[in-house]
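# Remarks on the overall topology
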Amino acid sequence: MTGPARTPVLSVRRLTVELRGDAARVRAVDGIDFDLHAGEVLALVGESGSGKSKTAEAVMGLIDPAQGAVTAECIRLGDTDLNGLREPALRRVRGREISMVFQEPMTALDPVFTCGEQLAVQYRRHRGHGRTRACEAAAAMLGRVGFPDPVQVMRSYPHQLSGGMRQRVIIAMAMSCRPRVLIADEATTALDVTTQARVLAQLTELASEAGTALLLITHDLGIVAQYCERALVMRRGRLVEDAAVTDLFRSPQSSYTAELIAASRGADA
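Counting of residues starts from 1 at the beginning of each chain's written sequence and follows it residue by residue. Local features in a predicted model are, by the rule used here, given only for residues with pLDDT of at least 70; side-chain atom pairs are given and counted only at 80 or more, and totals for whole chains, interfaces and linings are based on all residues. Calculation of side-chain values draws on the structure's entire complement of heavy atoms; hydrogens and water are dropped beforehand.

### Side note on the packing of helix H7 (residues 163–175) against helix H8 (residues 193–210)
Interhelical geometry of H7 versus H8 gives an angle of 10 degrees and a closest axis separation of 10 Å. Judged on the interaxial angle alone, H8 and H7 are roughly parallel. Across the interface between the two elements, Gly164, Gln167, Arg168, Ile171 and Met175 from H7 touch Thr195, Val199, Gln202, Leu203, Leu206, Ala207 and Ala210 from H8. Under the scheme applied here, ten amino acids are nonpolar (Ala, Val, Leu, Ile, Met, Phe, Trp, Tyr, Cys and Pro), four are charged (Asp, Glu, Lys and Arg), and all others, including Gly, are polar. Class assignment for the residues of the contact of H7 with H8 results in seven nonpolar, four polar and one charged. Note on method: axes are straight lines fitted to C-alpha atoms, helices fitted across the in-contact stretch only, with angles between N-to-C directions ranging 0 to 180 degrees. Only runs of H or I of at least four residues qualify as helices and only runs of E of at least two qualify as strands under DSSP, and these elements are numbered from the N terminus. For classification purposes, an angle smaller than 35 degrees is called roughly parallel, one larger than 145 roughly antiparallel, one from 65 to 115 roughly perpendicular, and anything else oblique. The contact criterion used is simple: two residues touch if any of their non-hydrogen atoms lie within 4.5 Å.

Structure below.
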């Protein structure tokens, strides 16, 4: 459970996301509040369409105003309120202070640049490294996420790597500047079980070493039980439960949470 000495590194208050549909607006996120504490691994759980990904995109400032409207009392990262920041200011924060790992790495990696080029640019853009130093730092980070031959990966294009390897490259990029917050949105869903376990172990280990708070978005309650300290349960755009993981499984307060747990146990049977 969250200890009294922890302070929120991310505070979200009254976050609402309305998406523009063909006929009317759809409220994908409906006035939610939550805190993420320094060093914490927090799960955001719910079925598809519950609003989990839109919550993450809103926090990151990734929702196109032409597609939807984001309102909030605050989206506070440390001393900075991200709510209402213009795109140039958000770009300075994204990658350095807050990063995100997406579900499908092929859409997050540029197919025309090598993995090394894409990782090195993070060090050049956010840390001011020169080309040589950035490449050295990129290779070192690839080694930290488990690649035995980082130089070979540096020279590879995304299509030349497996799904698990591409996801580890994305994790290396996301953690390159040791951000205060990392959001992982269904980051291992497309991977096989063995690769999924390896990637999650590397992700949580890197976050722990850096003191990075991790928001782990998933529909897999097995992942929640293994890796997370606290869980938020989301349904139809609203948070229906906020509990320590041990309490969540032992005594869920929401009937929806109980249904999710029962369904998960049935699937495992």
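### Considering the pattern of salt bridges
The working definition used for a salt bridge is a side-chain nitrogen of Lys or Arg within 4 Å of a carboxyl oxygen of Asp or Glu. Here the structure, examined in full by the defined rule, presents 12 salt bridges. Here Arg13 ties to Asp35 by a salt bridge, and the two come within 3.0 Å at their closest N and O atoms. Note that Arg13 is positioned in strand E1 (residues 8–20) and Asp35 in strand E2 (residues 25–37), a separation of 22 residues in sequence. Residues participating in the shared-partner salt-bridge network are Glu18, Arg25, Arg27, Asp30 and Arg238.

### A look at the side chain of Ser11
As for its position among the elements, Ser11 is in strand E1. Non-local contacts of Ser11, meaning those with residues more than four positions away in its chain, are made with Phe34, Asp35, Cys74, Ile75 and Arg76.

### Description of unusual backbone geometry
With a phi angle near 50 degrees, Arg178 is a residue other than glycine that sits in the positive phi range. Summarising the element assignment, Arg178 is placed in the loop between H7 and strand E8 (181–185). Residue class for Arg178 comes out partly exposed when judged on its relative accessible area of 42%. Positive phi is not limited to glycine here, since Arg236 has a value of about 50 degrees. With respect to the helices, strands and loops of the structure, Arg236 is situated in the loop between strand E10 (230–235) and strand E11 (238–244). Summary of the burial criterion: residues with accessible area below 20% of their type's maximum are buried, those above 50% are exposed, and those between are partly exposed, where the area comes from a 1.4 Å probe applied to protein chains only.

### Focus on the nonpolar core
One finds Val101, Leu142, Val169, Ile171, Leu216, Val224 and Cys228 to be the most contacted residues of the largest nonpolar core, which totals 48 residues. Here this core takes seven residues from H7, the largest share from any one element. Ignoring sequence-local partners within four residues, the contact set of Val169 consists of Leu109, Cys115, Leu142, Phe147, Val153 and Leu161. For our purposes a nonpolar core is just a set of buried Ala, Val, Leu, Ile, Met, Phe, Trp, Tyr and Cys residues, chained together by side-chain atoms within 4.5 Å. Ranked by size, the runner-up nonpolar core spans 32 residues in total, among them Val59, Val93, Ile98 and Ile217.

### Notes on the packing of helix H4 (residues 115–127) against helix H5 (residues 131–144)
Here H4 crosses H5 at 120 degrees, and the two axes come no closer than 8 Å. Judged on the interaxial angle alone, H5 and H4 are oblique. Crossing geometry of H4 relative to H5 is assigned as right-handed. On H5, the residues that touch Leu119, Ala120, Tyr123 and Arg124 of H4 are Arg131, Ala134, Cys135, Ala137, Ala138, Met141 and Leu142. Of the residues assigned to the contact of H4 with H5, the class counts are nine nonpolar, no polar and two charged. Working rule for handedness: look at the near helix, and if it is turned counterclockwise from the far one by less than a right angle, call the crossing left-handed; if clockwise, right-handed.

### A word on the packing of aromatic side chains
In this scheme Phe, Tyr and Trp rings, the latter by its six-membered ring, pair at centre separations within 6.5 Å, and the angle between planes marks the pair as stacked below 30 degrees, edge-to-face above 60, and tilted otherwise. Inspection of the entire model under this criterion finds zero aromatic pairs. Whether a charge lies above a ring is judged from NZ of Lys or CZ of Arg, which has to be within 6 Å of the ring centre and within 35 degrees of the ring normal. When the ring centre of Phe147 is taken as origin, the NZ or CZ atom of Arg168, which lies over that ring, is 4.5 Å away.

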